[in-house]
Amino acid sequence: MADTLLIRALKSKPKALNLSNKKLDRVPKAIGKLDCIIHLQLKNNSLKTLPFELSYLDQLQILNCGNNQFEVLPDVIEHLFMLEKLHLFNNQIHTLTPKALTNLRSLTFLNLNSNALKVLPADICRLNNLQFLSVDKNLLTELPIELCALTRLEEFHCANNQLTSLPLEFGFLINLEKLHLQKNRIRELPESIGKCYKLRILDIAANDLRIFPTELHSMPLKELFCEENPLLQHIPVHSVQEEEVLSLKEICARHVMKELKDRRPDKRWSYLRRSIKHYPQIREMLAQASRCAVCGESFLNTWLECVKFIDAKSDLKLNNLNGLVPVRALLCSYKCFNAKGHDYYGVAFP
C-alpha cells in the first residue's frame, strides 16, 4: 500500500505525505525520490528504523514518527538539516544518540513523550533553536546542566518522571514561559528559577515541595499549580533563639561585603576595594552571597532559613489559586529573626 501511495506521490510532487495508520514495518526506499516533501506523517505504524534515503528529503521541515516501535533515535535524522518539528512520542526510545542531535540546528519543536529515556544527553544543548521540548512520561531522574543552555526554550514539559531536583543553572532559561513538572519527586526548586522573568505558567503539582524560592513574587506568573505537595502550613509557634557565634570566615566576608557596598566618596577608592581586584577566587566566593530579608545586609554561609506566607491573589496576582503560598526567606542571624516588625517565620520540622 505504501509503495502505491509513493508512486502516486511521485506524479503529483506533493508538499505533504501521510503514511500514518498503514501498518508499516518499514518505509520504502523510494521515499528518497520525493525531495519536494515538507511535511511527512509516519505515526501509528510498527516502524523500528528509517531508511537512509530519507536523508534526500532536504526540504523536510516536519516529521511525525509518533506511536511506533523505535528504541533509539534513527541516525538518518542527523541529515535532516531543515527539520523544524520532530514528533517521537509513544515509542520505546531509551537512548538519544548525540550523533543524531548534532546537525538539527533548525529544530524548534521536539516531542519525546511516553518513551523509556533515563537520561538526556549533554549534547541536547546543540539544539540551540529549540523552543518547545516535551519529555513527559519517561524515566528521567535528573536533567543535564547543558539543558540550561537552550536559551530560546519557551515551553518545557517534564511531567511524570522521577526528578528530585532541577539544575542550579535553571535560571539561564530566560525565555521560558511555560514549565510543567507535575508528578515527579522534586523537593526543592533552585533559587535561580527567579531569573526566568517570562515564566507565566508553573505546574509543580504532585511533588515533594515544602517551600518556594525567595524570588517567586518577582516572577510574572499567571497560573501556579501546586496541589498535592507537602507545603509548609501557616501554624505559628512562639520561639526565641539565642545569638549564634559566627565563624571567622563569615565575619570577614560580611565585613568585606559591607565595605564594598559602601558608595560614599571616601570609600570608593579604599584599599580593600582596590585590593580585591587581584583575588578572583574571593570575588567569585562573594558573588554567591545572599541578602538578609530583614536588614538587607549580605552574608555568606551562616544563615537562617525562614518562610513568609504570601497571598496567591493579592501578592502573586495568580488567576487560578487562592490562599497562602509559602516562600523561602533567608535571614543573616537570629538577631534579625528575633527583631520585631517582620512577618518571617522559622521553619519547624516534625
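The sections below set out a description of the structure shown in this document. (Residues numbered from 1 in each chain as written. Predicted model: local features only at pLDDT ≥ 70, side-chain atom pairs only at ≥ 80, totals over all residues. Heavy atoms only, no water.)

**Comments concerning the overall build of the protein chain**
Then, in step 1: Looking only at helices and strands, one finds seven helices and 15 strands in the protein chain.
Then, in step 2: Over its C-alpha atoms the protein chain spans a radius of gyration of 26 Å, topping by over 25% the 20 Å that the globule rule assigns to 350 residues.
Then, in step 3: For the protein chain, with 350 residues in total, the buried portion stands at 45%.
Then, in step 4: Carbon and sulfur atoms make up 52% of the accessible area of the protein chain, which amounts to about 18700 Å² in all. (Helix = DSSP H or I, 4+ residues; strand = E, 2+ residues; numbered from the N terminus. Rg over C-alpha atoms; globule rule 2.2 N^0.38 Å. Buried < 20%, exposed > 50% of the residue type's maximum accessible area, 1.4 Å probe, protein only. Areas by Shrake-Rupley, 256 points an atom, 1.4 Å probe, with all protein chains shown as cover.)

**Re the sheet that holds strand S15 (residues 345–346)**
Then, in step 1: Reading across from one edge, S14-S13-S15 is the order of the three strands in this open sheet, with antiparallel pairing throughout. Looking along the sheet, the strands with just one partner apiece sit at the ends: strand S14 (324–331) and S15.
Then, in step 2: Across two bridges, the pairing between strand S13 (residues 304–311) and S15 is antiparallel. Residue pairing in the sheet places Val-307 in a bridge with Tyr-345 of S15. (Pairing = 2+ DSSP bridges.)

**Some remarks on the pattern of salt bridges**
Then, in step 1: Summed over the entire model, instances satisfying the criterion amount to eight salt bridges.
Then, in step 2: Glu-188 is the partner of Arg-328 in a salt bridge, and the nearest nitrogen-oxygen pair spans 2.7 Å. Linking Arg-328 in strand S14 with Glu-188 in the loop between strand S8 (178–180) and strand S9 (201–203), this pair joins segments that are 140 residues apart in sequence.
Then, in step 3: Relative accessible area serves as the criterion here: at 7%, Arg-328 is assigned to the buried category.
Then, in step 4: Salt bridges linked by common partners bring Glu-188, Glu-191, Glu-305 and Arg-328 together as one network. (Salt bridge = Lys/Arg side-chain N within 4 Å of Asp/Glu carboxyl O.)

**Comments concerning the nonpolar core**
Then, in step 1: Grouped together as the largest cluster of nonpolar side chains are 76 residues, with contacts concentrated most on Leu-40, Leu-50, Leu-63, Phe-156, Phe-170 and Phe-212.
Then, in step 2: Of all the secondary-structure elements, those providing two or more residues to this core are helix H2 (98–101) and S14.
Then, in step 3: Leave out the neighbours within four places in its chain, and Leu-50 touches Val-27, Leu-42, Leu-63, Cys-65, Phe-70, Pro-74 and Val-76.
Then, in step 4: Among the nonpolar cores identified, the runner-up in size contains eleven residues, and Ala-329, Cys-332, Cys-336 and Phe-337 belong to it. (Core = buried A, V, L, I, M, F, W, Y, C linked by side-chain atoms within 4.5 Å. Contact = heavy atoms within 4.5 Å.)

**A few points about the packing of aromatic side chains**
Then, in step 1: Taken as a whole and judged by the stated rule, the model has four aromatic pairs.
Then, in step 2: With 6.0 Å between their ring centres and 85 degrees between their planes, Phe-52 and Tyr-56 make a pair best called edge-to-face.
Then, in step 3: Judged by centre distance (6.4 Å) and plane angle (80 degrees), the ring pair of Tyr-334 and Phe-337 falls under edge-to-face. Here the residue Tyr-334 and the residue Phe-337 both occupy positions in helix H7 (residues 334–338), the gap between them amounting to three residues, near one helical turn.
Then, in step 4: Overall, Tyr-334 belongs to the partly exposed group, its relative accessible area being 22%.
Then, in step 5: Under the relative-accessibility criterion, Phe-337 is labelled buried at 13%.
Then, in step 6: When the ring centre of Phe-109 is taken as origin, the NZ or CZ atom of Lys-85, which lies over that ring, is 5.8 Å away. (Phe/Tyr/Trp six-rings, centres within 6.5 Å; stacked < 30°, edge-to-face > 60°. Lys NZ or Arg CZ within 6 Å of the ring centre and 35° of its normal.)

Remember, this is a structural readout, not a statement about activity or role.
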